[in-house]
Amino acid sequence: MEEYNKDKMTPTRVFEFLYSQLENGPLAQSLNYKEFGQWKGYSTKEFVQIVNELSLGLLALGMKPGDKVAIVSPNRPEWNFVDFACQQIGVVTVPMYPTITVEDYEYIFRHAEVKMIFAADAELIEKVKKATASLGIDFIYSFDKVESVDHWRAVQEKNPEGDLNEVLALKDQVKPEDLLTIIYTSGTTGRPKGVMLSHHNIVSNTLGVSKRIMGTMIPGEDSTLSFLPMCHIYERTAIYVYIYNRLAVYYAESMDKIGENIKEVSPNMFTCVPRLLEKVYDKIVSKGYELPFIKRKLFFWAIDLGLIYDPNGNFSRWYHFKLKIARKLIFSKWQEALGGELKVISSGAAALQPRLARIFWAAEIPVCEGYGLTETSPVITATAAFPDCVRIGAVGRLIDDVEVKIAEDGEILCKGPNVMMGYYKAPDLTSEVIQDGWFHTGDIGVIEEGFLRITDRKKEMFKTSGGKYIAPQVMENKFKESIYIEQIMVVGEGKKFPSALIVPNFEVLVDWQKDHGIDDLEHKELISHPEVVKLFQTEVARYNEEFGNWEQIKKFELVEAVWGIDTGELTPTLKLKRRIIKDKFKELIERIYMISN
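Keep in mind that what you see is a predicted model, and the values were worked out from it rather than measured. (Residues numbered from 1 in each chain as written. Predicted model: local features only at pLDDT ≥ 70, side-chain atom pairs only at ≥ 80, totals over all residues. Heavy atoms only, no water.)

1. A word on the overall build of the protein chain
At step 1: In terms of helices and strands, the protein chain carries 21 helices and 27 strands.
At step 2: Taken over C-alpha atoms, the radius of gyration comes to 25 Å for the protein chain, in line with the 25 Å a tight globule of 597 residues would show.
At step 3: In terms of overall dimensions, the protein chain has a C-alpha envelope of 75 × 55 × 50 Å along the principal axes.
At step 4: Scored against the burial criterion, the 597 residues of the protein chain give a buried share of 56%.
At step 5: Considering only contacts in the protein chain between residues 6 or more positions apart, those separated by 24 or more positions represent 67%. (Helix = DSSP H or I, 4+ residues; strand = E, 2+ residues; numbered from the N terminus. Rg over C-alpha atoms; globule rule 2.2 N^0.38 Å. Buried < 20%, exposed > 50% of the residue type's maximum accessible area, 1.4 Å probe, protein only. Contact = heavy atoms within 4.5 Å.)

Now the structure itself:
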């Protein structure tokens, strides 16, 4: 069972996590990145020195407590340097996704009254310059060397003779309840909302999460791989957990190179979203189909064993004997593919399919779900990598000092030190979601034996014309268990029955196509081929059996291209942008209901 003790002073402000690492066991490789094919790193001492020099530089440039600095960059050590340099002098950071539009950049820069911007590379500098053309922001710096702007080192070197006592004095003035960061998240109006989080919000969350995960990790020895965007509070809080608990951080080169970087780094932990685990599993299964007959039989025998596994299950000796063989012959190779040293995967930001939790636990790769929102810093509940702390299909127990109650309509309400200060410049929106101290999450759920289970998103549930409620997330998660379904969105509000837009898993589908003697076809032609349509009709019918008659998918349309962040259908955390997908595929949806309604 989890045990967690810190024989040191408990931090109350986020920048103290860094100094805690320095005082309690500085690392030789605290923050690490790959450059020109080689992994390089900054020690804790270098980390602290750079942060202090940047703080002095920011002060020399006229930055004051309460001023706003934007960070527009993928994950890299410079992100942390700027973040901590701002924190300790009371400057507020405004992290932003590299993938958003110039219009959104302009809106956020203006709305947050940003005075300085750090952007990663030439491409992002170009977007930033377009967004700031009419804003008069004088200070724009790059992390890469870009000809048109100053390098971030220019800030670090701005005040080499500066007095660190000035920084120390400002650190002393920072209070736990002070604003630390404004994180902009999409709103119902289409304009991003600025979530205000204090030091206390994030410190309380970091300490609560540390207690939940550190029972399996070794401070000063273990390492982590980071690839989810740090501009999202999920990964950002995770990084604070790593820094506080003296875990070395390695930043992946890109999303495309995660697999390669995992093998190089052999991390003991990483955070991810369910979509990535789905893709890992689907890729493993597709490789299984390519094995020779005997090995293929053995592979899927192991899969079948894993799909019924439960960390709390009371299985027979015979089952455990078979699982031991499966682990040695099959699942050990999964562990090797993930670096061979993995102790825990933390999954969040969306619901994890129970079958994935089962099979990864069976493979001795614990996947621990958590739940929360940007507005809750983010964690409300979390799972630890111990069987008695896990319930398949649930998102864990409450972390310390956080309360949850279920409203009459099933909505999850949260209260605690993790709940945001409010939305920036939007007291009306704040009062809509925080009532009598309770934050209204917008999610529907139940608490069973102390474990929270999410059943759907309140705003995403809809009624058919017959008055029946449909919970699309639950259905979508079930249908995505098919190896042929890459993505799916259930539609049908106000209609006689629910239907779906389905994006095939083209990698698997192309193999199926070859096996069935179908000529090579473009995706557009392939999804209209009668045999392919028949295949998906069979798959839909199979998973429909899991639902009541009123919930079942009666019709569907196949979509020829995978939905993505760049094409606008997914959020940066890989959630469906339902309104945009409905607008984009309006004609397909109308075709579904043309005859029926």
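2. Points about the packing of aromatic side chains
At step 1: Enumeration over the complete set of coordinates arrives at 24 aromatic pairs.
At step 2: A centroid spacing of 4.3 Å and a plane angle of 20° characterise the contact between Phe315 and Tyr319, whose relative ring orientation is stacked.
At step 3: Classification of Phe315 as partly exposed rests on a relative accessible area of 23%.
At step 4: The class for Tyr319 is buried, based on a relative accessible area of 5%.
At step 5: Among the aromatic side chains, those forming a connected cluster through ring pairs are Phe17, Tyr33, Tyr42, Phe47, Phe81, Phe84, Trp152, Tyr240 and Tyr244. (Phe/Tyr/Trp six-rings, centres within 6.5 Å; stacked < 30°, edge-to-face > 60°.)

3. Section: the sheet that holds strand β15 (residues 379-382)
At step 1: Taken in spatial order, the nine strands make up an open sheet running β2-β1-β11-β10-β12-β13-β14-β15-β16, and their pairing is mixed. For this open sheet the edge positions go to β2 (38-42) and β16 (397-398), each flanked by a neighbour on one side alone.
At step 2: Each of β12 (269-272), β15 and β16 touches helix α8 (residues 199-213); the most contacted strand, β15, lies at about 10° to it. (Pairing = 2+ DSSP bridges. Axes fitted to C-alpha atoms, helices over the stretch in contact; angles between N-to-C directions.)

4. With respect to the nonpolar core
Where a protein is soluble and globular, its nonpolar side chains tend to be buried together.
At step 1: Phe109, Phe118, Phe331, Trp334 and Phe536 are the most contacted members of the largest nonpolar core, which totals 195 residues.
At step 2: With nine residues, helix α9 (residues 233-244) is the single largest residue contributor to this core. (Core = buried A, V, L, I, M, F, W, Y, C linked by side-chain atoms within 4.5 Å.)

5. A word on empty space enclosed by the protein
At step 1: Under the criterion given, the structure shown has one cavity of 30 Å³ or more.
At step 2: Reported here for the largest cavity is a volume of approximately 80 Å³.
At step 3: Around the largest cavity sit 14 residues that line it, and Val367, Glu369, Val390, Arg391 and Ala394 are the ones nearest its centre.
At step 4: Of all the secondary structure elements, the ones that give two or more residues to the lining of the largest cavity are α14 (354-362) and β14 (367-372).
At step 5: When residues of the lining of the largest cavity are assigned to their parent elements, the largest contribution, three residues, is made by β14.
At step 6: Within the lining of the largest cavity, the residues separate by chemical class into nine nonpolar, three polar and two charged. (1 Å grid on protein atoms, 1.4 Å probe; cavity = no way out; pocket = protein on both sides within 12 Å on 5 of 7 lines; lining within 4 Å. Points joined across faces, edges and corners; volume = space filled by probe spheres on them. Nonpolar A, V, L, I, M, F, W, Y, C, P; charged D, E, K, R; others polar.)

6. Regarding the sheet that holds strand β26 (residues 499-504)
At step 1: Pairing is mixed across the open sheet formed by three strands, whose spatial order is β25-β26-β27. Of all the strands in the sheet, just β25 (485-491) and β27 (555-558) have a single pairing partner and so form its edges. Taken over all neighbouring pairs, the strand axes of this sheet differ in orientation by 25° on average, direction set aside.
At step 2: Here β25 runs beside β26; their pairing, made up of six bridges, is antiparallel. Paired with Ile485 across the strands is Pro504, a residue of β26.
At step 3: Relative to β27, helix α21 (residues 586-593) is tilted by about 150°, and along the sheet it contacts β25, β26 and β27.

7. Quick notes on a nonpolar patch on the surface
At step 1: Side chains of Leu298, Trp318, Phe321, Ile325 and Leu329 sit close together on the surface and give an oily, nonpolar patch of about 470 Å² of accessible area.
At step 2: The greatest single-element share of the nonpolar patch, amounting to four residues, is contributed by helix α13 (residues 317-337).
At step 3: Within the secondary structure, Leu329 is located in helix α13.
At step 4: Taking relative accessible area as the criterion, Leu329 reaches 39% and is therefore assigned partly exposed. (Patch = residues over 30% accessible without salt bridge, like charges linked within 9 Å, V, L, I, M, F, W, Y side chains within 5 Å. Areas by Shrake-Rupley, 256 points an atom, 1.4 Å probe, with all protein chains shown as cover. Salt bridge = Lys/Arg side-chain N within 4 Å of Asp/Glu carboxyl O.)

8. Thoughts on the environment of Leu521
At step 1: Within the secondary structure, Leu521 is located in the loop between α17 (506-515) and α18 (523-526).
At step 2: Since its relative accessible area comes to 29%, Leu521 is described here as partly exposed.
At step 3: Sequence spacing of Leu521 and Leu197 is 324 residues, and the spatial spacing of their C-alpha atoms is 51 Å.
At step 4: Setting aside anything within four residues of it in sequence, one finds Leu521 in contact with Gln513, Leu526 and His529.

9. Focus: the side chain of Arg327
At step 1: Structurally, the position occupied by Arg327 is in helix α13.
At step 2: In this structure the side chain of Arg327 is engaged in a polar contact, spanning 2.6 Å, whose partner is the backbone oxygen of Ala362.
At step 3: Aside from chain neighbours lying at most four places away, what touches Arg327 is Tyr309, Ser332, Trp361, Ala362 and Glu364. (Polar contact = N/O pair within 3.5 Å; in protein donor to acceptor, adjacent residues only side chain to side chain.)

10. A look at the environment of Leu277
At step 1: Summarising the element assignment, Leu277 is placed in helix α11 (residues 274-289).
At step 2: Each C-alpha atom of the pair Leu277 and Ser73 lies 24 Å from the other, and the pair is 204 residues apart in sequence.
At step 3: Sequence-distant contacts of Leu277, defined by excluding residues within four places in its chain, comprise Cys272, Ile345, Ser347, Leu352, Leu356, Phe360 and Val367.

11. What about the side chain of Asn52?
At step 1: By secondary structure assignment, the location of Asn52 is in helix α2 (residues 44-60).
At step 2: We classify Asn52 as buried; its relative accessible area is 13%.
At step 3: A distance of 3.1 Å separates a polar atom in the side chain of Asn52 from a polar atom in the side chain of Tyr19.
At step 4: When sequence neighbours within four positions are dropped, the list of residues in contact with Asn52 reads Tyr19, Gln88, Leu164 and Val167.

12. Some words on unusual backbone geometry
At step 1: A cis amide bond, omega -5°, links Ser377 with the succeeding residue Pro378.
At step 2: With respect to the helices, strands and loops of the structure, Pro378 is situated in the loop between β14 and β15.
At step 3: In the Ramachandran plot, Glu113 falls in the positive-phi region, its phi being about 60° despite a non-glycine side chain.
At step 4: Structurally, the position occupied by Glu113 is in the loop between α4 (102-112) and β5 (114-119).

Don't take any of this as a statement about function, it's just geometry.
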